[in-house]
Amino acid sequence: MSASADRQELLAVPASLLRRLGSMLYDLLLVFALLCVGTVPFVIAFQGEFVPANFLPHQLTMLAIAYLFFVGFWSYRGRTLGMQSWGLKLERLTGGEPSWSQASMRFFGAILSLLPLGLGFWWQLWDAEKLAWHDRLSGTRLMYYPKSGS
């Protein structure tokens, strides 16, 4: 590893709530676009009619698209496109990129973190290690890597 990479790793700090939210907003826009594309086959198949029997398959398809987006990026590169833009990287608590199972646990844990008015995300403001509920549940942490000036 180069000296500049070592220096950058030393500068890494836990991601702030504001950076997390900025990254989430960016990713939500990307996922929304994917969900729109994923809805097209349902619209075509049913000529735009709402058919109650197809509600569950549609919702499961939307969940699968979001799951594959987040878990795929987290386990492959440790970051989504939004996280990359905000200088964030997901890591195991022991270092390195998370496994598919850790990323999966984080995905479903993040949904649980959102349910009580986002309390699982707000929790990082009081946590000594700046970890949200889904960080703890999955054994991961979200770190901010500032860009070096050199």
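As the structure is a prediction and not an experimental result, all values here were calculated from the model.

Rules behind the numbers
Residues numbered from 1 in each chain as written. Predicted model: local features only at pLDDT ≥ 70, side-chain atom pairs only at ≥ 80, totals over all residues. Heavy atoms only, no water. 1 Å grid on protein atoms, 1.4 Å probe; cavity = no way out; pocket = protein on both sides within 12 Å on 5 of 7 lines; lining within 4 Å. Points joined across faces, edges and corners; volume = space filled by probe spheres on them. Helix = DSSP H or I, 4+ residues; strand = E, 2+ residues; numbered from the N terminus. Nonpolar A, V, L, I, M, F, W, Y, C, P; charged D, E, K, R; others polar. Phe/Tyr/Trp six-rings, centres within 6.5 Å; stacked < 30°, edge-to-face > 60°. Buried < 20%, exposed > 50% of the residue type's maximum accessible area, 1.4 Å probe, protein only. Lys NZ or Arg CZ within 6 Å of the ring centre and 35° of its normal. Axes fitted to C-alpha atoms, helices over the stretch in contact; angles between N-to-C directions. Parallel < 35°, antiparallel > 145°, perpendicular 65-115°, else oblique. Left-handed = near helix turned anticlockwise from the far one by under 90°. Contact = heavy atoms within 4.5 Å. Patch = residues over 30% accessible without salt bridge, like charges linked within 9 Å, V, L, I, M, F, W, Y side chains within 5 Å. Areas by Shrake-Rupley, 256 points an atom, 1.4 Å probe, with all protein chains shown as cover. Salt bridge = Lys/Arg side-chain N within 4 Å of Asp/Glu carboxyl O.

Undergrad: Which residues make up the layout of surface pockets, and what values go with them?
TA: For the largest pocket, the calculated volume is near 490 Å³. Every residue lining the largest pocket is counted, 20 residues in all, and those nearest its centre are Met24, Phe70, Ala110, Leu114 and Phe121. Ranked by the residues each element gives to the lining of the largest pocket, the list is headed by helix H2 (residues 17-45), at 6 residues. Each residue belonging to the lining of the largest pocket can be placed in one class, and the counts come to 15 nonpolar, 2 polar and 3 charged. Its boundaries defined by the atoms lining it, the second largest pocket holds a volume of some 180 Å³. Lining the second largest pocket are Thr39, Phe42, Val43, Phe46, Gly48, Glu49, Phe50, Val51, Asn54, Phe55 and His58. Looking at the lining of the second largest pocket, the elements with two or more residues in it are H2 and helix H3 (55-76). Considering each element in turn, the lining of the second largest pocket owes the most residues, 3 residues, to H2.

Undergrad: Describe the packing of aromatic side chains, naming the residues involved and giving the relevant values.
TA: All chains considered together, the criterion is met by 9 aromatic pairs. Aromatic side chains Tyr67 and Phe107 sit 5.4 Å apart centroid to centroid with 85° between the ring planes, which places their arrangement in the edge-to-face category. Residue Tyr67 is located in helix H3, and its partner Phe107 is located in helix H5 (residues 100-114); the two are separated by 40 residues in the primary sequence. There is no split in this pair, since Tyr67 and Phe107 are both buried. Where Phe107 meets Phe108, the ring centres are 5.1 Å apart and the plane angle is 85°; that geometry is what we call edge-to-face. Grouped by ring-pair contacts, the aromatic residues Tyr67, Phe69, Phe70, Phe73, Trp74, Trp100, Phe107 and Phe108 constitute a single cluster. Here the basic side chain of Arg19 rests over the ring of Tyr144, its NZ or CZ set 3.8 Å away from the ring centre. In this arrangement the basic side chain of Arg106 is found over the ring face of Trp74, its NZ or CZ atom lying 5.3 Å from the centre.

Undergrad: Got a sec to walk through the packing of H3 against H5? Specific residues and values, please.
TA: For any two helices packed against each other, one specifies the inter-axial angle together with the distance between the axes. At a minimum axis separation of 9 Å, H3 and H5 run at an interaxial angle of 130°. The angle between H3 and H5 falls in the class oblique. The hand of the H3/H5 crossing is right-handed. Residues Leu63, Ala66, Tyr67, Phe70, Val71, Gly72, Trp74 and Ser75 of H3 touch H5, and the partners they reach there are Trp100, Ala103, Ser104, Arg106, Phe107, Phe108 and Ile111. Of the residues belonging to the contact of H3 with H5, the class tally is 11 nonpolar, 3 polar and 1 charged.

Undergrad: Explain a nonpolar patch on the surface to me, and be specific about the residues and the numbers.
TA: Taken together, the side chains of Leu56, Leu60, Leu63, Met105, Phe108, Ile111, Leu112, Leu115 and Leu137 present a nonpolar region at the surface, about 860 Å² in accessible area. Mapped onto the nonpolar patch, the elements with two or more residues apiece are H3 and H5. In terms of residue count, H5 provides more of the nonpolar patch than any other element does, 4 residues in total. Its place among the elements puts Ile111 in helix H5.

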